[in-house]
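What follows is the residue order along each chain.
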Amino acid sequence: MKLISMKCPECSANLDVDMSKVNSFIFCQYCNAKIYIDNTNTELEQTKAKYEYMNKTEKLKNRYHMDKESMDTLVTLLVGLGICAVIAIGALIFALVFA
Ligand SMILES: [Zn+2]
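Residues numbered from 1 in each chain as written. Predicted model: local features only at pLDDT ≥ 70, side-chain atom pairs only at ≥ 80, totals over all residues.

Focus: the overall build of the protein chain
Across its full length, the protein chain holds one helix and four strands. Nonlocal contacts in the protein chain, meaning residues at least 24 apart in sequence, comprise 13% of its contacts between residues at least 6 apart. (Helix = DSSP H or I, 4+ residues; strand = E, 2+ residues; numbered from the N terminus. Contact = placed C-beta atoms within 7 Å.)

As structure tokens, then:
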């Protein structure tokens, strides 16, 4: 006997349904709703694929976010370095001219 997990569409309780009940009705053990088990396997696969797709998109979003953050850090660093260089060159010119 193989069990498949599904959610009751009425009360969202987690139900373990016997595979042999596919294409027939069951009653939710929590709210007594009559649920038609319609090729749940396919549905489960679709849900899984959708979840994986969402996961991928989320990861891509996170990566973009991280890239943006490190870019910001890099820009700040470069601006800081630029200011330091300007000051150093200024001091050098000052020293050369007035020494
Ligand atoms: Zn229910």
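Thoughts on the pairing of strand E2 (residues 14-18)
Bridge analysis of strand E1 (residues 3-7) against E2 gives five bridges, and the strand direction is antiparallel. Considered in E2, the bridge of Lys7 is made with Asn14. Between E1 and E2, which pair antiparallel in sequence order, lie six residues; one of them, Ser12, sits at a positive phi of approximately 65 degrees. (Pairing = 2+ DSSP bridges.)

With respect to the environment of Ile35
On the secondary structure map, Ile35 appears in strand E4 (residues 34-37). Note: C-alpha distance between Ile35 and Cys8 (27 residues apart in sequence) is 7.5 Å.

Details of the confidence of the model for the protein chain
In this model, the protein chain carries a mean pLDDT of 83, and residues with pLDDT of at least 70 account for 89%. The secondary structure element of the protein chain with the lowest average pLDDT is helix H1 (residues 40-98), at 80, and the one with the highest is strand E3 (residues 24-27), at 91. (pLDDT = per-residue confidence, 0-100.)

As for unusual backbone geometry
Unlike most non-glycine residues, Ser12 shows phi in positive territory, near 65 degrees. Note on Ser12: 11 C-beta atoms within 10 Å, which makes it exposed. Positive phi outside glycine occurs at Asn32, with the angle close to 65 degrees. A tally of 10 C-beta atoms within 10 Å means that Asn32 is categorised as exposed. (Buried ≥ 20, exposed ≤ 12 C-beta atoms within 10 Å, placed from the backbone.)

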